[in-house]
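Residues per chain, in single letters:
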Amino acid sequence: MTVTQAAVTQVARTRGGRIAGCEEPTSILRPDGQDQYTISEVVTVTGLSAHTLRWYERIGLMPHVDRSHTGQRRYTNRDLHWLAFVGKLRLTGMPVADMVRYAEMVREGEQTFSARRELLVAHREDVHRRIAELQDTLVVLDYKIDMYGGAQRAPERA
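Residues numbered from 1 in each chain as written. Predicted model: local features only at pLDDT ≥ 70, side-chain atom pairs only at ≥ 80, totals over all residues. Heavy atoms only, no water.

The subject of this paragraph is the nonpolar core. In terms of nonpolar packing, the biggest core is built from 22 residues, with V42, Y56, L61, M62, Y75 and L83 touching the most fellow members. Those elements giving two or more residues to this core turn out to be α3 (50–59), α4 (77–91) and α5 (96–108). Not counting chain neighbours up to four residues away, the residues in contact with Y56 comprise L48, L61, M62, L83, V86 and R90. (Core = buried A, V, L, I, M, F, W, Y, C linked by side-chain atoms within 4.5 Å. Buried < 20%, exposed > 50% of the residue type's maximum accessible area, 1.4 Å probe, protein only. Helix = DSSP H or I, 4+ residues; strand = E, 2+ residues; numbered from the N terminus. Contact = heavy atoms within 4.5 Å.)

Oppositely charged side chains may form a pair once their charged atoms are brought near each other. What the rule picks out here adds up to six salt bridges. A salt bridge links R67 to E57; its shortest N-O distance comes to 3.6 Å. With R67 in strand β1 (residues 66–67) and E57 in helix α3, this pair connects stretches of sequence that are ten residues apart. For E104, the salt bridge identified is with R101, shortest N-O distance 3.5 Å. Of this pair, E104 and R101 both sit in helix α5, separated by three residues, roughly a single helical turn. Residue classification places R101 among the partly exposed positions, given a relative accessible area of 35%. Taken together, the shared-partner salt bridges in this structure form one network comprising E57, R67 and R73. (Salt bridge = Lys/Arg side-chain N within 4 Å of Asp/Glu carboxyl O.)

Before going further, it helps to examine the packing of α4 against α5. The geometry of α4 relative to α5 is characterised by a closest axis approach of 11 Å and an angle of 145 degrees between their N-to-C directions. Between α4 and α5 lies a crossing whose hand is right-handed. On α5, the residues touching W82, F85, V86, L89 and R90 of α4 are M99, Y102, A103 and V106. Split into classes, the residues belonging to the contact of α4 with α5 amount to eight nonpolar, no polar and one charged. (Axes fitted to C-alpha atoms, helices over the stretch in contact; angles between N-to-C directions. Left-handed = near helix turned anticlockwise from the far one by under 90°. Nonpolar A, V, L, I, M, F, W, Y, C, P; charged D, E, K, R; others polar.)

What follows concerns the packing of aromatic side chains. We describe a pair of aromatic rings using the distance from one ring centre to the other and the angle between the two ring planes. Under the criterion given, the structure shown has four aromatic pairs. Each ring, one from W82 and one from Y102, has its centre 6.2 Å from the other, and the planes form 15 degrees; the classification is stacked. Taken together, the positions of W82 in helix α4 and Y102 in helix α5 put the pair 20 residues apart, joining distant regions of the chain. Accessibility assignment for this pair places W82 and Y102 in one class, buried. With centroids separated by 5.6 Å and ring planes inclined at 45 degrees, the aromatic side chains of F85 and Y102 adopt a geometry described as tilted. With a gap of 17 residues between them, F85 in helix α4 and Y102 in helix α5 connect regions that are remote in the sequence. Under the relative-accessibility criterion, F85 is labelled partly exposed at 21%. Among the aromatic side chains, those forming a connected cluster through ring pairs are W82, F85 and Y102. (Phe/Tyr/Trp six-rings, centres within 6.5 Å; stacked < 30°, edge-to-face > 60°.)

Okay, structure coming up:
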């Protein structure tokens, strides 16, 4: 393991092995210009598998990843930020096809700002609906937990 890999691994261990969210993971990132990460370093930092990273690239979800003179992938700080954002989209349940479409629009440039916004607004509405459904489900779970805890002596409802 190189000194660089050891440093990234140590930072990942202290941060739980993940870039959390879209916030600036400044303690993980190297200065611009020195920000070349191997696929194994990105695996350590993000928690994604190498297979997933290659798949993201193959389906167009990951922007162009630079390569070394030997053909090894070299990720940048920008790539790590993108992966953190994609992780948030995945967490919200956005379909992969929508994520790929969003990535395509990003590559198309500023003229797609309104289309990107529309996609995100529609997805946010879906997330709000799902949150409401989950909150309703929590009410049912709380009822069952209380019932089994002896707090209520009502007959069980399906």
